[in-house]
Each structure stands twice: as C-alpha cells, then as structure tokens.
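# Reading the structure
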Amino acid sequence: MTVTQTEAISDLPLLTDLVPLAEWSRDLCSASRTLLAGDHDLLRHPDGGVVAVRNATIRSLAEDPAVGNAPVSFLTGRSDDRLRRARETAEGSRCPVDAEPLRHFLRNQVFTMNPPEHTELRRALARPLMPRPVRSFVGLAEQVLDALLEELVAAGGEIDFGRDLAAVFATRFWTEQLGLPDGHAARIQHLMEEMNLQFRFNPAPDDSARARAATREYMALLESLVGRALEAGPNDLLDVLTAGARGSRLDDEPVDVRANVASNFFDAFHTVGVAITNAVHHLLASPEHLAALRRDPALAAQVFAEGTRISPPLMLTTRVTLADVRHGDLLLPAGTAVHMIWVAGNHDPDAFPDPERFDPSRPARSATTFGGGAHVCPGRNAARMLGEVVLHALTAPGLHVEQVGTPQWVEGSGIRHLDSFRVRISRPATSNDGDLA
Ligand code: HEM
C-alpha cells in the first residue's frame with residue numbers, strides 16, 4: 001500500500017519571496033512572467049490562500065466545482081482593508097468605511113454566487129448569451145458601429161481608441177440591445193471609468209470614494225432604466241433575462257430583476273471595450289497579421305482570441321474553496337482563497353510556446369481569458385462577437401486607421417488596460433483598399 005503524504009499550504013513557497021509585492025501590484029503581467037520563468041505552480045499568498053500561476057493548474061482548479069466563487073463578504077472585506085490602509089497612510093487615522101454601494105452591486109452579481117443560487121441565476125444570464133441568440137445581435141452591433149465610425153470620421157483628427165471608440169461602442173450597443181431609454185450611454189461610460197478605480201491594488205482614498213460613489217449611481221441609474229424598459233414593452237434580451245431571474249431567491253429574498261440585470265451587465269458595459277482595445281492594439285502592432293485579416297475577414301475570431309490572450313482584460317479573480325479540496329498532494333481546506341491569475345495562465349510557455357509572440361494561428365483552446373469550468377464567463381460569446389464586428393469594420397475597404405504614438409499599460413490595476421491609445425481614423429476619398437496602418 002502506498003501512503004501519499006499530504007502537503008499543506010504552509011509548505012508552499014511564499015509569493016513575496018519570489019516577486020516583491022510592490023512589483024506584483026505594479027505589473028501583474030510582468031510579475032507572472034517572472035514566476036513562470038521558474039518552476040513555480042502554486043504559491044502561498046502573504047494574506048493567506050494560494051496563488052495559481054500555471055495554465056494546467058489554473059484550469060484544473062477552475063473546473064473543480066468545490067473551487068467556488070468568493071462571496072460578497074470576502075470581496076467587500078478585502079476592499080475595505082485596502083481603503084482603510086490607504087486612509088491610514090494618508091491621514092494617520094482610521095475612518096469608517098461605507099461598504100453599502102459595493103455590497104449591493106456585488107450581492108446581485110452571479111460572480112459572487114455559489115449553488116444553489118448560482119445554478120439558477122447563472123442559467124438565466126447565460127441562456128440569452130449563447131452563440132445562437134448572440135448571432136441575432138450582430139445586425140444591431142454593426143449598425144451602432146457604422147454610425148459611430150461615421151461620427152468619428154466626420155469629426156476628423158485623432159481619437160483615444162479605448163475611450164472614444166471601443167467604450168462608446170460597447171455602452172451604446174448594450175443600452176440599445178437591452179432596450180434601455182435613449183441618452184444614457186455616455187453617463188454609463190463615465191461611471192464605468194470611475195468604477196474601474198476599484199480594481200486598483202493600492203487605491204488612494206479618493207479613488208475608492210469615487211469608485212463607490214460611481215457604483216451607487218450606476219446601480220440606481222441602471223435599475224431605473226431597466227424598470228422603465230420593462231414597462232415600455234417587449235425587448236427580447238431583457239424579457240428572457242428577467243423571466244429567467246423572476247421567482248428566484250437570493251439570501252431568502254425574491255431576486256430584484258432590475259438589480260440583477262444592472263449588476264451582471266457591468267462587464268458588458270466595461271470589460272468588452274477594454275478587450276476590443278487590447279485586441280486592436282496587438283493587431284496594429286503586427287502589419288503581417290493586419291494584412292492577413294484584410295485579405296481574410298474570417299481570421300477576426302482568431303485575432304480577437306490571440307489579442308486578448310496576450311492582454312486579457314481581467315487579469316485575476318479570487319475563488320474560494322467550498323469544501324476541502326485535494327490538488328495532487330496538496331490539501332486546500334474549505335474556505336481557502338484561490339487567486340486565479342488568468343493572465344499567467346495565458347503566458348505559460350507550457351501551454352503557449354513563445355507566449356509573448358502575437359500569433360493568431362495558434363490554438364486558443366487553453367486560454368484562460370474567460371476563466372473556466374462551471375463559472376466560465378457567460379458573456380464570452382457576446383464579447384467575441386462584438387470584438388469581431390469591430391475588427392471587420394476596421395479592416396474593411398475604405399477606412400484608414402493609423403496608430404499615433406506609443407500607448408502604455410496602466411500600472412497598479414487588476415485590469416489590463418492602456419492609458420491612452422491614440423489613433424487617427426479617416427475615409428480617404430480615393431481609397432478602395434482600406435488602409436489600417
Ligand atoms: C471580454 C470581456 C470579458 C472578459 C475578459 C471576462 C472575463 C471573465 C472572467 C475571467 C470570469 C471568471 C470566470 C471564472 O471564475 O472561471 C468571468 C466571469 C463572469 N463574467 Fe465575464 N468577462 C467578459 C465579459 C462579460 C460580459 C459581456 C458579461 C455579461 C453580459 C460577463 C459576465 C460575467 C459573469 C456574470 C461572471 C461570473 C460567472 C459565474 O460565476 O458563473 N462577462 N468573466
């Protein structure tokens with residue numbers, strides 16, 4: 001009989017012995033590369049729990065039903081700790097922290113749920129976002145984008161691709177697809193920019209205050225808009241979403257379908273624009289693949305997958321073990337935080353040889369951009385479709401898109417996004433070929 005020895009979390013190497021915490025918080029992508037260059041797989045986090053950095057380990061943990069979502073109390077507690085630390089540093093005093101706006105937002109997110117609530121409410125969200133219903137969104141996406149491109153071309157000059165094109169496109173598309181009253185997309189976009197501050201590892205007190213104020217306003221605005229849209233009459237997406245959520249219970253109370261839609265579409269309004277920007281950024285830096293996409297628009301899906309593999313918008317999330325979990329010889333007791341470093345999974349040379357190379361021809365199967373297992377992102381089909389619509393439009397004949405300057409990645413955030421990505425968009429009168437340079 002073989003006796004296997006149980007390894008404990010305390011036996012794992014400590015993350016901060018391998019990468020200084022300041023570097024980890026400054027640039028998660030580069031810190032992940034440092035860890036992957038060594039022989040590291042699972043590490044011990046200084047705040048407790050484990051950090052998963054190898055692609056195979058991340059995917060196997062993601063697929064384990066006992067590695068569940070982090071509950072609201074875990075996420076608000078962590079956010080409050082960061083805010084308290086920032087305030088102590090800034091003012092030398094302890095201030096009370098208002099967790100309510102964040103708690104309300106997170107409580108309605110499928111992202112913080114586990115069975116039994118997770119099962120029903122995830123299904124309600126995922127059903128209208130399956131590949132077939134998403135195909136029926138393409139016409140509206142193209143229409144919204146065409147109108148926006150005409151506006152940008154008519155205005156002439158330079159734009160910030162992320163802020164002026166990708167984010168405007170995503171917020172306008174989703175407000176229309178959900179049938180929300182007109183005239184609110186720009187405000188939603190502004191709130192997304194403010195809420196993005198919550199992803200900072202070391203927020204200044206002002207960042208946290210702004211993120212929480214924006215979270216409060218976002219939920220109030222969206223709940224009101226969804227309520228008005230439901231009264232105004234039929235909308236395919238909204239009707240399926242609300243019918244799916246209606247009758248479900250959360251913490252023993254009936255689910256508020258307006259809050260449910262508001263919370264769960266945060267990533268639709270926010271993360272999709274970041275993903276499109278990152279994919280276009282990698283494409284513009286690769287004239288060879290740009291030319292290939294112009295010749296063959298069917299490559300758009302691979303370009304989007306590869307651009308978001310190298311620069312996945314959501315670089316990490318935290319899962320929590322719902323029961324004791326064995327990973328090889330390691331025991332992860334119930335309640336262990338499992339930090340899933342999705343960006344590291346995408347840069348693991350064991351899964352993606354020469355991982356820094358932009359190569360849309362490589363298989364995307366093992367990518368961890370959208371997580372995995374029972375919690376894999378339910379919005380992924382819609383995100384991919386919107387990314388492909390943009391890539392098609394930008395490489396279509398007649399449009400000239402030119403990068404201006406060199407964008408930098410924003411440091412100190414769990415979101416991989418560019419500080420500013422300046423491009424010039426025009427429609428030269430004589431051009432028949434399209435010219436994305
Ligand atoms: C390119 C854009 C997006 C990226 C990169 C992204 C990424 C992710 C990732 C990494 C996870 C964690 C999965 C896991 O733990 O295994 C996730 C979960 C989730 N995403 Fe997305 N997402 C995107 C767009 C969307 C959209 C458009 C929606 C909604 C319409 C959405 C809603 C959700 C929800 C509700 C969850 C939690 C799922 C669950 O726990 O079952 N996401 N996403």
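Residues numbered from 1 in each chain as written. Predicted model: local features only at pLDDT ≥ 70, side-chain atom pairs only at ≥ 80, totals over all residues. Heavy atoms only, no water.

## Observations regarding the overall build of the protein
How we decide: In DSSP terms, a helix is any run of H or I states spanning at least four residues, a strand is any run of E spanning at least two, and both are numbered starting from the N terminus. Based on C-alpha atoms, the radius of gyration is set beside the globule rule, defined as 2.2 Å times the residue count to the power 0.38. Relative accessibility decides the category of a residue: with a 1.4 Å probe and only protein chains considered, values under 20% of the type maximum give buried, values over 50% give exposed, and everything between is partly exposed. Contacts are assigned to residue pairs that have any heavy atoms within 4.5 Å of one another. Accessible surface area values rest on a Shrake-Rupley calculation with a 1.4 Å probe, where residue burial reflects the displayed protein chains alone. Neither His nor the chain ends is counted toward charge; the positive residues are Lys and Arg and the negative residues Asp and Glu. Where a charge lies is defined by one atom per residue type: Lys uses NZ, Arg uses CZ, Asp uses CG and Glu uses CD.
When its secondary structure is counted, the protein shows 20 helices and 13 strands. Since a compact globule built from 437 residues should have a radius of gyration of about 22 Å, the 22 Å found for the protein is in line with a globular shape. Overall, the C-alpha framework of the protein stretches about 75 × 50 × 50 Å when taken along its three principal axes. Split into buried and exposed, the 437 residues of the protein put 54% on the buried side. Counting only contacts in the protein whose residues sit at least 6 apart along the sequence, the fraction spanning at least 24 positions is 75%. When the accessible surface of the protein is totalled, it reaches about 19000 Å², and 51% of it is carbon and sulfur. Placing the 43 positive and 57 negative side-chain charges of the protein at their respective mean positions leaves the two points 2 Å apart.

## Quick notes on the pattern of salt bridges
This is how it is decided: By convention in these notes, a salt bridge is any Lys or Arg side-chain nitrogen within 4 Å of a carboxyl oxygen on Asp or Glu.
Applying the stated criterion across every chain, the model contains 24 salt bridges. Here Glu 217 makes a salt bridge to Arg 187, at a shortest N to O gap of 2.8 Å. With Glu 217 in helix α12 (residues 205-232) and Arg 187 in helix α11 (residues 185-195), this pair connects stretches of sequence that are 30 residues apart. Residue Arg 309 is joined to Glu 306 by a salt bridge in which the shortest nitrogen-to-oxygen separation is 2.8 Å. With a gap of 3 residues between them, Arg 309 and Glu 306 both fall in helix α18 (residues 300-310), about one helical turn apart. Owing to a relative accessible area of 1%, Arg 309 belongs among the buried residues under this scheme. On the basis of relative accessibility, which here comes to 4%, the residue Glu 306 falls in the buried class. When salt bridges that share partners are traced, they join Glu 158, Glu 402, Arg 422 and Arg 424 into one network.

## Observations concerning the coordination of the iron atom of the ligand
Defined as follows: The rule for donors is simple: N, O or S, within 2.8 Å of the metal, or within 3.2 Å if the metal is Na, K or Ca. Water isn't counted, so a site may look like it is missing partners.
What the protein offers the iron atom of the ligand as a donor is a single atom, Cys 377 (SG), at 2.3 Å. Looking at where Cys 377 falls in the secondary structure, it is placed in the loop between α19 (342-346) and α20 (380-395).

## Side note on the site of the ligand
Filter applied, for reference: Near, as used in this document, describes a residue that has one of its heavy atoms within 4 Å of the molecule or strand being considered. Counting of polar contacts relies on pairs of N or O atoms within 3.5 Å, with two restrictions inside protein: one atom must be capable of donating a hydrogen and the other of accepting it, and residues adjacent in sequence are counted only when both atoms are side-chain atoms. As a working rule, the residues Ala, Val, Leu, Ile, Met, Phe, Trp, Tyr, Cys and Pro are called nonpolar, Asp, Glu, Lys and Arg charged, and the rest polar, with Gly in that last group.
Lining the immediate surroundings of the ligand are 29 residues, of which Asn 69, His 118, Arg 122, Arg 319 and Cys 377 lie closest. Measuring from an oxygen atom of the ligand, one finds a side-chain N or O atom of His 118 at 2.6 Å. Between Gly 372 and the ligand, the recorded distance is 2.9 Å, taken from a backbone N or O atom to an oxygen atom. Within the residue set of the shell around the ligand, elements represented by two or more residues are α7 (117-126), α15 (266-269) and α16 (271-284). For the shell around the ligand, the class distribution of residues is 17 nonpolar, 9 polar and 3 charged.

## Some details on the packing of helix α6 (residues 100-107) against α12
Convention followed: Lines are fitted to the C-alpha atoms to define the axes, a helix being fitted only along its stretch in contact, and any angle between axes, read from their N-to-C directions, falls within 0 to 180 degrees. Working rule for angles: under 35 degrees goes down as roughly parallel, over 145 as roughly antiparallel, 65 to 115 as roughly perpendicular, anything else as oblique. In this scheme the crossing of two helices becomes right-handed for a clockwise turn of the near helix relative to the far one and left-handed for an anticlockwise turn of less than a right angle.
Between α6 and α12, whose axes approach to 8 Å, the crossing angle comes to 50°. It follows that α6 is oblique to α12 by the angle criterion. For α6 against α12, the interelement crossing comes out left-handed. Within the contact between the two elements, α6 uses Pro 101, Leu 102, His 104 and Phe 105 and α12 uses Arg 212, Thr 215, Arg 216, Tyr 218, Met 219 and Glu 223. Tallied by class, the residues present in the contact of α6 with α12 amount to 5 nonpolar, 2 polar and 3 charged.

## Quick notes on the pairing of strand β12 (residues 422-426)
We apply this condition: By the convention used here, strands pair only if DSSP detects at least 2 bridges between them.
A one-sided burial pattern is seen for β12, the buried positions being Val 423 and Ile 425 and the unburied ones Arg 422, Arg 424 and Ser 426. Looking at chain direction, strand β4 (residues 158-160) and β12 are connected through 3 bridges and run antiparallel. Of the residues in β12, the one forming a bridge with Ile 159 is Val 423. In this structure, strand β11 (residues 400-403) lies alongside β12, joined through 4 bridges in antiparallel fashion. Counterpart to Glu 402 in the pairing with β12 is Arg 424.

## Side note on the environment of Leu 35
Assignment of secondary structure puts Leu 35 in helix α3 (residues 28-37). Residues Leu 35 and Val 53, 18 residues apart in the sequence, show an inter-C-alpha distance of 7.6 Å. Sequence-distant contacts of Leu 35, that is, excluding residues within four places in its chain, are made with Leu 15, Leu 18, Val 19, Trp 24, His 40, Leu 43, Val 53 and Arg 54.

## Here we look at the sheet that holds strand β2 (residues 50-52)
As summarised here, the arrangement of the 5 strands in space is β1-β2-β10-β7-β3, forming an open sheet in which the pairing is mixed. The two strands at the open ends of the sheet, each matched to only one other strand, are β1 (42-44) and β3 (67-69). Strand after strand, the sheet turns through a mean of 35° between neighbouring axes, direction not considered. Where β1 and β2 come together, 3 bridges link them in antiparallel fashion. Opposite Arg 44, over in β2, you have Val 50 as the bridge partner.

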